[in-house]
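# Examination of the molecular architecture
The primary structure of each chain is shown beneath.
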Amino acid sequence: MSVRIHVSGPAAVAVETHVPQLVDDLVASSITGLDPALWGPEAEAEASRRLGWTEAVSVSRPLVAEIEALRSELLAQGIDHIVLAGMGGSSLAPEVITRTAGVELTVLDSTAPTQVVAALRNRLEATALVVSSKSGSTVETDSQRRVYEKAFRDAGIDPAGRIVVVTDPGSPLEVSAREAGYRVFTADPNVGGRYSALTAFGLVPSGLAGANISELLDEAEAIELYLANDDVDNPGLILGAAIAGTSPLKNKLGIVSDGTHIVGFADWAEQLIAESTGKIGTGLLPVVLGTGAPELKEGLDDLQIVRLVKDADQFHLIPSRGHRHDGEILVSGSLGGLLLTWEYAVAVAGRLLGINPFDQPDVESAKVATRGLLDAQPTPEAPAFVDAGIEVRGTASVIGGVDTVAAALAGLLAETPADGYVAIQAYVDRLSLPRLAELRDAVAATIDRPVTFGWGPRFLHSTGQFQKGGPLIGAFLQITENAAEDLAVPDRPFTFGQLIQAQAAGDASVLEQLGRPVLRLNLTSPSAGVSHLFDAVG
């Protein structure tokens, strides 16, 4: 078997408790048989059109030759730089596939203006753009497509030879793309975005960038029969029970890459888990951790550690370097095998949690708030105070009576529930401010709770669902910036700078309406602001 799982502690008890019942209920074969009734009557309509991912390997096989032929055509024309305009499920799978394969793919899943500008200035003459969206209406992807079309035309390049579209058949994007003469790949419409790793959404940009997508499908195919089998050794059932069947429920999953050859898998799993399970007040919060994360040393009661390793059968025998291995879930395998196994496991987790793993009912709220701000373009809210060039805004319970960033941060952490978590949301150019990612560990070291980190707006299509639909136990640190350069969105009444600020403000307003503590820090001088922010954390 190409996927191995080793469980111990509460996870092992969960497997012993739930897997025999899952086998008796024929859950594995029913998922493979496209049975929409597995998640209850309220989920049946959605599930009936969201199980196509179980057939992705066979459905996607014919695409391989077509993708490889297009790659050869592009290379013959000197086009060897692939840029992906996509969000969430359209970008996270290609990112892990290409990073693991060691091939270059520029993933443009941001609306930070300087990040978009940097992509436009990077070898445009040798660039092809993959526009990846199920509907084509995603504001980020639509804006990126528009700005690339203009850039190609301004450079005397026909966009029809440089833009490749991946979308659902019959979508508005397919219609407009074919009218424009773009190359179009359609994906199975019966697959949701976060389950689309092995469909055209995952394969087209990865294959054009040079990844061996045929091998990826082979790896997934090697595990298919095991995942479909109603057996206590089924890795999908074991993993699903381990992550969602502990009692009491460990509703936070600390995902650690520790010796695996796969690069960035936790970021892909983060979306799959959070968006699939975080709803109706329950769910599993994925927390992406490094091997030196403070949470690994604390041993938090509600945090289940999932460690991605080279060999799960042997890793539990390796000295733990001061961290606990007892009570952890160890997972190893090929990339294709793990992608499919985790999709099965999260579907199983949905059944155990009593939720529909295929909808995302709370994602739209931030989009609605963003659209309202873009339409109204209100005068920006004045900051409560400014400290060392950082404009401070937030909920009254956090910023009331304070006048420094350090005091405001202390106020936010004090508002974190005993069973809660802190979410850091960085709506900035992550290429120019990569140090911000280190803020996660710095904050985690000061508070005995899990801390998540997300680059905005990409996390809105990932953990954003859990933050609003899951247990309302988060405290939110939002970081924005005054970008050094802005960029207009062609034929739209807003710029990228206005768009990302509206996305941040819209999301903050939804969280505040839900009664959550929010601290908003705008860096008027980004580099200096980051340094002061770290000083404030201590």
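This one's a predicted model, so the numbers in the text were calculated from it and none came from an experiment.

### Brief notes about the overall build of the protein
What the protein contains, in helices and strands, is 22 helices and 16 strands. The C-alpha atoms of the protein give 23 Å as radius of gyration, which agrees with the globular expectation for 538 residues (24 Å, within 12%). Overall size of the protein, expressed as C-alpha extent along the three principal axes, is 60 × 60 × 45 Å. The buried share of the protein, reckoned over its 538 residues, is 61%. Of all intrachain contacts in the protein linking residues separated by at least 6 positions in sequence, the fraction that spans at least 24 positions is 77%. Surface summary for the protein: the accessible area is close to 19,100 Å², and the carbon and sulfur share equals 50%.

### Topic: the sheet that holds strand 10 (residues 329-333)
On the basis of which strands lie adjacent, the open sheet formed by 5 strands has the order 1-10-9-7-8 and mixed pairing. Pairing within the sheet leaves two strands with one partner each, and these edge strands are strand 1 (3-7) and strand 8 (285-289). This sheet shows a mean twist of 20° between the axes of neighbouring strands, independent of strand direction. When strand 9 (residues 303-309) meets strand 10, the two strands line up parallel, connected through 3 bridges. Within the sheet, the bridge partner assigned to Leu308 lies in strand 10 and is Val331. In the packing of helix 15 (residues 335-353) onto the sheet, contacts are made with strand 1, strand 9 and strand 10, and the angle to strand 10 comes to roughly 135°.

### Remarks on the sheet that holds strand 2 (residues 81-85)
Pairing in this open sheet of 5 strands is parallel, and the strands run 3-2-4-5-6 from one edge to the other. Each edge of the open sheet carries a strand with a single partner, namely strand 3 (106-108) and strand 6 (183-186). In this sheet, adjacent strand axes meet at a mean angle of 20° when their direction is disregarded. Two elements, strand 2 and strand 3, share 3 bridges in a ladder whose sense is parallel. Residue pairing in the sheet places Val83 in a bridge with Thr106 of strand 3. Each of strand 2, strand 3, strand 4 (127-132) and strand 5 (163-167) is contacted by helix 7 (residues 139-154), which is oriented at about 155° to strand 4, the strand it contacts most.

### Here we look at the pattern of salt bridges
Within the structure shown, the criterion is met by 31 salt bridges. When salt bridges with common partners are traced through the structure, they connect Asp142, Arg145, Arg146, Glu149 and Arg492 into a single cluster.

### Some details on the nonpolar core
Grouped together as the largest cluster of nonpolar side chains are 92 residues, with contacts concentrated most on Trp53, Phe265, Trp268, Ile329 and Trp342. With 12 residues, helix 15 is the largest single contributor of residues to this core. Counting only domains with at least three residues in this core, you end up with domain 1 (4-26 + 230-353) and domain 2 (54-212). If sequence neighbours within four positions are ignored, Ile329 has contacts with Ile5, His6, Val7, Ala11, Leu239, Ala242, Ile243, Gln304, Ile305, Val306 and Arg307. If you look at the next biggest cluster of nonpolar residues, it comprises 33 residues, including Val405, Val443, Phe534 and Ala536.

### With respect to the side chain of Thr277
Assignment of secondary structure puts Thr277 in helix 12 (residues 265-277). Of the residues examined, Thr277 reaches a relative accessible area of 1% and is grouped as buried. Of note is the side chain of Thr277, whose polar atom sits 2.8 Å from the backbone oxygen of Ile273. Look past the residues within four positions of Thr277 in its chain and what remains in contact with it is Thr282, Gly283, Leu284, Val346, Leu353 and Ile355.

### Points about the domain arrangement of the protein
As assigned here, the protein comprises domain 1 (4-26 + 230-353), domain 2 (54-212) and domain 3 (362-537). When each unit is reduced to the centre of its C-alpha atoms, the spacing between domain 2 and domain 3 is 29 Å. Counting from both sides, the interface comprises 25 residues of domain 2 and, opposite them, 24 residues of domain 3. For the pair domain 2 and domain 3, the summed buried area comes to about 2,100 Å², and 60% of that belongs to carbon and sulfur atoms. Along the contact surface separating domain 2 from domain 3 lie 5 salt bridges. For the salt bridge of Arg492 with Asp142, the shortest nitrogen-to-oxygen distance reads 3.8 Å. Linking domain 2 with domain 3 are 10 residue pairs in polar contact (both at pLDDT 80 or more). When residues of the side of domain 2 that touches domain 3 are traced back to their parent elements, those giving at least two are helix 5 (89-101), helix 6 (113-120) and helix 7. When residues in the side of domain 2 that touches domain 3 are grouped by element, the largest group, 8 residues, is from helix 7. For the side of domain 2 that touches domain 3, the per-class residue count stands at 10 nonpolar, 8 polar and 7 charged.

### Some thoughts on the environment of Ala508
Its location among the elements puts Ala508 in helix 21 (residues 496-513). When its relative accessible area of 1% is taken as the criterion, Ala508 is described as buried. Sequence separation between Ala508 and Leu477 is 31 residues, and the spatial gap between their C-alpha atoms is 9.5 Å. Setting aside anything within four residues of it in sequence, one finds Ala508 in contact with Gln478, Val518 and Arg520.

### Section: the packing of aromatic side chains
On inspection of all chains with the given rule, the structure shows 11 aromatic pairs. When the centroid spacing of 5.1 Å and the interplanar angle of 80° are considered together, the rings of Trp53 and Tyr344 count as edge-to-face. Residue Trp53 is found in the loop between helix 3 (44-47) and helix 4 (56-76), and its partner Tyr344 is found in helix 15; the two are separated by 291 residues along the sequence. Each member of the pair Trp53 and Tyr344 is classed as buried. Among the aromatic residues, those joined into a ring-pair cluster are Trp39, Trp53, Tyr195, Tyr344 and Phe358. Positioned over the ring face of Phe534 is Arg435, at 3.9 Å from the centre of the ring.

### Considering unusual backbone geometry
Residue Ser247 is joined to Pro248 through a cis peptide bond whose omega torsion reads -5°. Its location among the elements puts Pro248 in the loop between helix 11 (235-244) and strand 7 (252-258). Gly456 connects to Pro457 through a cis peptide bond whose omega is 5°. Turning to its location among the elements, Pro457 is positioned in the loop between strand 14 (451-455) and helix 20 (463-469).

### Comments concerning helix 8 (residues 172-180)
Leu173, Glu174 and Ala177 are the residues of helix 8 that are buried. In an axial view of helix 8, the angular spread of the buried residues amounts to 95°, which keeps them on one side of the axis. Facing away from the buried side of helix 8 by over 90 degrees, the exposed positions are Pro172 and Glu179. Contacts from the buried residues of helix 8 go to strand 4, helix 7, strand 5 and strand 6. Once helix 8 finishes, Gly181 follows within two positions and takes phi at roughly 85°, a positive value.

Rules behind the numbers
- Residue numbers run consecutively from 1 along every chain, following the written order of its sequence.
- At least 70 in pLDDT is required for a residue's local features to be given in this predicted model, at least 80 for side-chain atom pairs to be given and counted, and no such filter applies to totals for whole chains, interfaces and linings, which use all residues.
- Just so you know, side-chain values use all the structure's heavy atoms and leave hydrogens and water out.
- Only DSSP runs of H or I reaching four residues or more are called helices, and only runs of E reaching two or more are called strands; each is numbered from the N terminus.
- The size measure is the radius of gyration over C-alpha atoms, and the globule rule it meets is 2.2 Å times the number of residues to the 0.38 power.
- Exposure classes here rest on a 1.4 Å probe applied to the protein chains alone. A residue is buried below 20% of its type maximum, exposed above 50%, and partly exposed in between.
- Any two residues whose heavy atoms approach within 4.5 Å are treated as being in contact.
- Working definition of accessibility: Shrake-Rupley area with a 1.4 Å probe, residue cover restricted to the visible protein chains.
- Pairing between two strands requires that DSSP report at least two bridges joining them.
- Whenever a helix is involved, its axis is fitted only over the stretch in contact; in every case the axis is a line through C-alpha atoms, and angles between N-to-C directions fall within 0 to 180 degrees.
- For this document, the term salt bridge refers to a Lys or Arg side-chain nitrogen within 4 Å of an Asp or Glu carboxyl oxygen.
- Here, nonpolar core means buried Ala, Val, Leu, Ile, Met, Phe, Trp, Tyr and Cys residues that are tied together by side-chain atoms lying within 4.5 Å of each other.
- All the domain ranges listed were derived from an automatic or database domain assignment.
- The term polar contact refers here to a pair of N or O atoms within 3.5 Å; inside protein, the definition further demands a hydrogen-donor-capable atom paired with an acceptor-capable atom, and it admits residues adjacent in sequence only when both atoms are side-chain atoms.
- A simple way to read buried area is as the amount of 1.4 Å-probe accessible surface that goes missing from two parts once joined, with both sides added.
- All amino acids are sorted into three groups, where Ala, Val, Leu, Ile, Met, Phe, Trp, Tyr, Cys and Pro are nonpolar, Asp, Glu, Lys and Arg are charged, and the leftover types, Gly among them, are polar.
- Pairing of aromatic rings covers Phe, Tyr and the six-membered ring of Trp, with a centre-to-centre limit of 6.5 Å; geometry is then stacked below 30 degrees between planes, edge-to-face above 60, and tilted otherwise.
- The criterion is that NZ of a Lys, or CZ of an Arg, lies within 6 Å of the ring centre and within 35 degrees of the ring normal, and then a charge sits over that ring.
- By definition, the arc is the one covered by directions from the helix axis to the C-beta atoms.

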